[in-house]
Amino acid sequence: MSAAAPSPAAGAAPDAAPDAARGREAVASAYQRFEPRAYLRNNYAPPRGDLSSPDGVGPWKLRCLAQTFATGEVSGRTLIDIGSGPTIYQLLSACTHFEDITMTDFLEVNRQELGLWLREEPGAFDWSMYSQHVCLIEGKGESWREKERQLRARVKRVLHIDVHQPQPLGAGNLAPLPADALVSAFCLEAVSPDLPSFQRALDHITTLLRPGGHLLLIGALEESWYLAGEARLVVVPVCKEEVMEALVRSGYEVRDLRTYIMPACLQTGVDDVKGIFFAWAQKKEGV
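Just so it is clear, the structure is predicted and the values come from calculations on it, not from any experiment.

(A) Examining the overall build of the protein more closely. Counting its regular elements, the protein contains eight helices and nine strands. Relative to a compact globule of 287 residues, whose C-alpha radius of gyration would be 19 Å, the protein shows 17 Å and is just as compact. Principal-axis analysis of the C-alpha atoms gives the protein an extent of 55 × 45 × 35 Å. Counting across all 287 residues of the protein, residues that qualify as buried make up 57%. When contacts within the protein are restricted to residue pairs at least 6 apart in sequence, long-range pairs at least 24 apart make up 75% of them. Accessible surface, the protein: about 11400 Å² in total, of which carbon and sulfur atoms supply 52%. Averaging the coordinates of the 29 positive side-chain charges in the protein and doing the same for the 36 negative ones gives two points 3 Å apart.

Here you go:
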């Protein structure tokens, strides 16, 4: 969930400035109140973090990722996780297939939270239930401790990112580019004040991906706000068709697009999300 910075994208359409710039500035300001632990409690502890029911949102997301990586088509040496936030679950299946992983976020507090887990420091968020569940659905006989050890070993860097900049990682960044694959979960729609900004952010991160490379994108459907402690963050509502159109406009072939409807028992008052989407898209050659 990398937040927005106020400067408009170079070459953006006229509607990008000044109104869109002010919108991104407002998003960036709101994210300064973001509380990682509150966000984790709201979304990755029970009830949403209950992985015991196969119908839950957590198992659904983990299955989408595991099944896609199990095809063997999404592989290579380098992967960048766009807007990691304070979470690592989105990389548990990926780490088997990529030896050099870059995690990223706009907020220092989220990068610090990731560092606690990567360094196995006291007080780090406990992702072991997610690691155990991924090992279970992958069915390879791998222990959850080995899964976490492998992920920690393969995350080579945690970098600042701003998806609203034409060079999201900045000039002279340490990530090997272009990457073989991108993963991004609940980032683009959560930091974009409107649909054109969402489209431009997708265009920007696509420059980090090699032609023929793969993007796995997870996000909220028809959500307009969510809470992270004292922060109430505005989200641009998107539907399945708008996600599909944005991916095509950015030069992707959409390989898979799935949706999950959030059941009433998981609508806990921390947001107004209606569902979740998972997209597997491949960047076309020549883009």
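From this point, the discussion proceeds with the structure in view.
(B) Structural context of the pairing of strand E9 (residues 275-283). Counting buried residues in E9 gives eight out of nine residues, a clear majority hidden from the surface. As defined by bridge partners, strand E8 (residues 252-261) adjoins E9 across nine bridges and the pair is classed as antiparallel. Note that in E9 the partner of Leu257 across the bridge is Ala279.

(C) Region of the structure containing the pattern of salt bridges. In this structure the tally under the stated criterion is 14 salt bridges. In this structure, Glu73 and Arg255 form a salt bridge, with 2.7 Å as the shortest nitrogen-oxygen distance. One end of the pair, Glu73, is in the loop between helix H3 (57-70) and strand E1 (78-82); the other, Arg255, is in strand E8, with 182 residues separating them in the sequence. We classify Glu73 as partly exposed; its relative accessible area is 39%. On the basis of relative accessibility, which here comes to 29%, the residue Arg255 falls in the partly exposed class. Asp100 is the salt-bridge partner of Arg77, the closest N and O atoms lying 3.9 Å from each other. Remark: Asp100 occurs in strand E2 (residues 100-105) and Arg77 occurs in the loop between H3 and E1; sequence separation between them is 23 residues.

(D) Structural detail: the pairing of strand E4 (residues 179-185). Counting buried positions along E4 gives seven out of seven residues, so the element sits mostly inside the fold. As paired strands, E1 and E4 are joined by four bridges and run parallel to one another. Each residue of the ladder has a partner; that of Ile80, found in E4, is Leu182. Pairing of E4 with strand E5 (residues 209-221), which is carried by six bridges, proceeds in the parallel orientation. Counted as the bridge partner of Val183 is Leu216 from E5. Handedness of the E4-helix H7 (residues 195-206)-E5 crossover: right-handed.

Reading the values: the criteria
As a convention, each chain's residues are numbered from 1 in the sequence order in which they are written. It should be noted that, the model being predicted, local features are given only for residues of pLDDT at least 70 and side-chain atom pairs only at 80 or more, the latter also being counted only at that level, while totals for whole chains, interfaces and linings use all residues. Only hydrogens and water are set aside; all other atoms, that is, all heavy atoms of the structure, feed into the side-chain values. Secondary structure follows DSSP: runs of H or I at least 4 residues long count as helices, runs of E at least 2 residues long count as strands, and numbering of each begins at the N terminus. Restricting the calculation to C-alpha atoms gives the radius of gyration, and the globule rule supplies 2.2 Å times the number of residues raised to the power 0.38. A simple rule labels every residue: compare its accessible area, found with a 1.4 Å probe on the protein chains alone, to the largest value its type can have, and call it buried under 20%, exposed over 50%, or partly exposed in between. We call two residues contacting when some pair of their heavy atoms lies within 4.5 Å. Accessible areas in this description were obtained via Shrake-Rupley with a 1.4 Å probe; residue shielding takes into account the shown protein chains only. The sign given to each residue is positive for Lys and Arg and negative for Asp and Glu; His and the chain ends receive no count. One atom stands in for each charge, and that atom is NZ of Lys, CZ of Arg, CG of Asp or CD of Glu. Two strands qualify as a pair provided that DSSP identifies no fewer than 2 bridges between them. Throughout this description, the term salt bridge denotes a Lys or Arg side-chain nitrogen within 4 Å of a carboxyl oxygen of Asp or Glu. Crossovers are described as right-handed under a simple rule: with the strands pointing away from the observer, the path leading from the first strand over the helix to the second runs clockwise.

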